[in-house]
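# Coordinate analysis (summary)
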Amino acid sequence: MRLRPEEEQRIANILEPFKADNRVQRMKKFIQHGKITTFDHVESVTRLSFWLNRRLHIGGDERVLTVGAFLHDYYLYDWHLTDEGHGLHGFSHSNTAKENAIKDFAIGEKTQCVIESHMWPLNITKVPKCREAWIVCLADKFVSTKETLLCR
Ligand SMILES: [Fe+2]
Ligand SMILES: [Fe+2]
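Read on for a plain summary of the structure. (Residues numbered from 1 in each chain as written. Chains lettered and ligands numbered in written order. Predicted model: local features only at pLDDT ≥ 70, side-chain atom pairs only at ≥ 80, totals over all residues. Heavy atoms only, no water.)

## Focus on the packing of aromatic side chains
Going by this rule: Geometry of aromatic contacts follows a simple scheme: Phe, Tyr and Trp rings, the Trp one being its six-membered ring, pair when their centres are within 6.5 Å, and the pair is stacked under 30 degrees between planes, edge-to-face over 60, tilted otherwise. Only runs of H or I of at least four residues qualify as helices and only runs of E of at least two qualify as strands under DSSP, and these elements are numbered from the N terminus. Note on geometry: a ring has a charge over it if NZ (lysine) or CZ (arginine) is within 6 Å of the ring centre and within 35 degrees of the ring normal.
In this structure the tally under the stated criterion is five aromatic pairs. Taking the centre distance of 5.7 Å and the plane angle of 85 degrees together, the rings of Phe-39 and Phe-70 count as edge-to-face. Of this pair, Phe-39 sits in helix α3 (residues 38-55) while Phe-70 sits in helix α4 (residues 62-70), and the two are 31 residues apart along the sequence. When the ring centre of Phe-39 is taken as origin, the NZ or CZ atom of Lys-28, which lies over that ring, is 4.7 Å away.

Structure, rendered in structure tokens:
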């Protein structure tokens, strides 16, 4: 997967205000899979989502897609610590990420859907409702599988 310089720039422009935020930077402190931080993980998912949307001419809104992909795991805790009252991480974190993103960045409804449905089909009732949500759901599974296999 290769992004063109113009595409890299487009992603950087959209994410600039988010990356400059200290709360977003906290994702660098949490491990997603193996040695991969949540920040690295969401960057990979963002890039793959953007690439799929462009190369397959899916026509998803690039801002919704990019922000949704970047904040899809914005749950801000270490999911390996099970005693913090976060419940079953796999089921609950998409909602936590969505609530955090609303609180910190007032994200729109469509972006909320992207975050909320990224764990489908585990969260069986949260079916992706728009193409941006489908892209992020698929890209997250691909990236997560790759990261999990790499750390074995
Ligand atoms: Fe997730
Ligand atoms: Fe993820």
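Now that the structure has been shown, the text picks up again.
## Topic: the coordination of the iron ion (ligand 2)
Just so we agree on the cut-off: Coordination here is defined by N, O and S atoms within 2.8 Å of the metal (3.2 Å for Na, K and Ca), and since water is not considered, a site can look incomplete. When a residue's accessible area, from a 1.4 Å probe over protein chains only, is under 20% of the maximum for its type it is buried; when over 50% it is exposed; and in between it is partly exposed.
At the metal site, the iron ion (ligand 2) is ligated by His-41 (NE2), His-72 (NE2), Asp-73 (OD) and Asp-140 (OD), and these contacts range over 2.1 to 2.2 Å. Here the donor residues for the iron ion (ligand 2) map to a single chain with the spacing H-x30-H-D-x66-D. Taken as a pair, the iron ion (ligand 2) and the iron ion (ligand 1) show a spacing of 3.3 Å, with Asp-73 coordinating each metal. Taken together, the positions of His-41 in helix α3 and Asp-73 in the loop between α4 and α5 (89-105) put the pair 32 residues apart, joining distant regions of the chain. On the basis of relative accessibility, which here comes to 0%, the residue His-41 falls in the buried class. Residue Asp-73 is classed as buried on the basis of its relative accessible area of 2%.

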